[in-house]
Every structure is written in C-alpha cells, then in structure tokens.
Amino acid sequence: MQLLGLLLLIVSSWYIWKLTDNFLDEQTKSSLSNELRNFNGKLNEIKKIFSKEFLKEAWQKYKEEDGVLVNKKRD
C-alpha cells in the first residue's frame, strides 16, 4: 500500500512538472535555475558552518578567549 502511494506521488509530481514546463517561458526557467543555484550555495555554506572541523575550531577559540576574559577580571 505504501509502495502504491509512493508510486502515485512520483507519477503525479512528474505530471505536474511536465505541465508547468510547458507554461514557463525561458526567462522564468533561467530565473528559477539561478535561484536554485543560489539556494544550493547558501545551503552548502550552512553545512560548512556546522561541520565538525568548524565547530572544533570555534570551540578552541572560545576556550582561548574565555581564558583571556578570566585573566582580565582578576586584574
């Protein structure tokens, strides 16, 4: 039953894609593809920000700055 639902979703999505493809002009298609590229670029930037290496580096900088702030408070 779930397989049938998945198949119906795929077929209906393909059909809607084909219908909208016939109605969009070239300028709109290029605009949509540019926006999709921009979205993918921003998504990759967000993935990079939350990568393990970046978070480890940020944590190390936080530890170093915390030590500086503690020393300033003591003075």
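Residues numbered from 1 in each chain as written. Predicted model: local features only at pLDDT ≥ 70, side-chain atom pairs only at ≥ 80, totals over all residues. Heavy atoms only, no water.

### Considerations on the overall build of the chain
So, point 1. A tally of helices and strands in the chain yields 3 helices and 0 strands.
So, point 2. The secondary structure elements of the chain, listed N-terminal to C-terminal, are α-α-α.
So, point 3. Of all 75 residues assigned to the chain, the portion counted as buried reaches 1%.
So, point 4. Of the roughly 7,600 Å² of accessible surface on the chain, a fraction of 64% belongs to carbon and sulfur atoms. (Helix = DSSP H or I, 4+ residues; strand = E, 2+ residues; numbered from the N terminus. Buried < 20%, exposed > 50% of the residue type's maximum accessible area, 1.4 Å probe, protein only. Areas by Shrake-Rupley, 256 points an atom, 1.4 Å probe, with all protein chains shown as cover.)

### Focus on a nonpolar patch on the surface
So, point 1. Residues Trp14, Tyr15, Ile16, Leu19 and Phe23 make up a contiguous nonpolar surface patch of roughly 620 Å² in combined accessible area.
So, point 2. Note on placement: Ile16 falls in helix 1 (residues 2-23). (Patch = residues over 30% accessible without salt bridge, like charges linked within 9 Å, V, L, I, M, F, W, Y side chains within 5 Å. Salt bridge = Lys/Arg side-chain N within 4 Å of Asp/Glu carboxyl O.)

### Observations concerning helix 1
Since the α-helix packs 3.6 residues into each turn, any two residues three or four apart lie on the same face.
So, point 1. Across its 22 residues, helix 1 extends 32 Å between first and last C-alpha, which sits within 8% of the 32 Å expected from 1.5 Å per residue.
So, point 2. Across the 22 residues of helix 1, 0 count as buried, placing the element largely on the outside. (Expected span 1.5 Å × (residues − 1).)

### Topic: the confidence of the model for the chain
So, point 1. Here the chain shows a mean pLDDT of 86. Residues at 70 or above account for 88%.
So, point 2. Predicted confidence in the chain is weakest over helix 3 (residues 52-74), with a mean pLDDT of 78, and strongest over helix 2 (residues 26-49), with 92. (pLDDT = per-residue confidence, 0-100.)

### Observations regarding the pattern of salt bridges
So, point 1. All chains considered together, the criterion is met by 2 salt bridges.
So, point 2. Linking Glu26 and Lys29 is a salt bridge whose minimum nitrogen-to-oxygen distance equals 3.8 Å. In this pair, Glu26 and Lys29 both sit in helix 2, 3 residues apart, roughly one turn of the helix.
So, point 3. The partner of Glu57 in a salt bridge is Lys61, with the nearest N and O atoms 3.4 Å apart. Taken together, the positions of Glu57 and Lys61, both in helix 3 and 4 residues apart, correspond to about one turn of that helix.
So, point 4. Residue Glu57 is classed as partly exposed on the basis of its relative accessible area of 44%.
So, point 5. Under the relative-accessibility criterion, Lys61 is labelled partly exposed at 45%.

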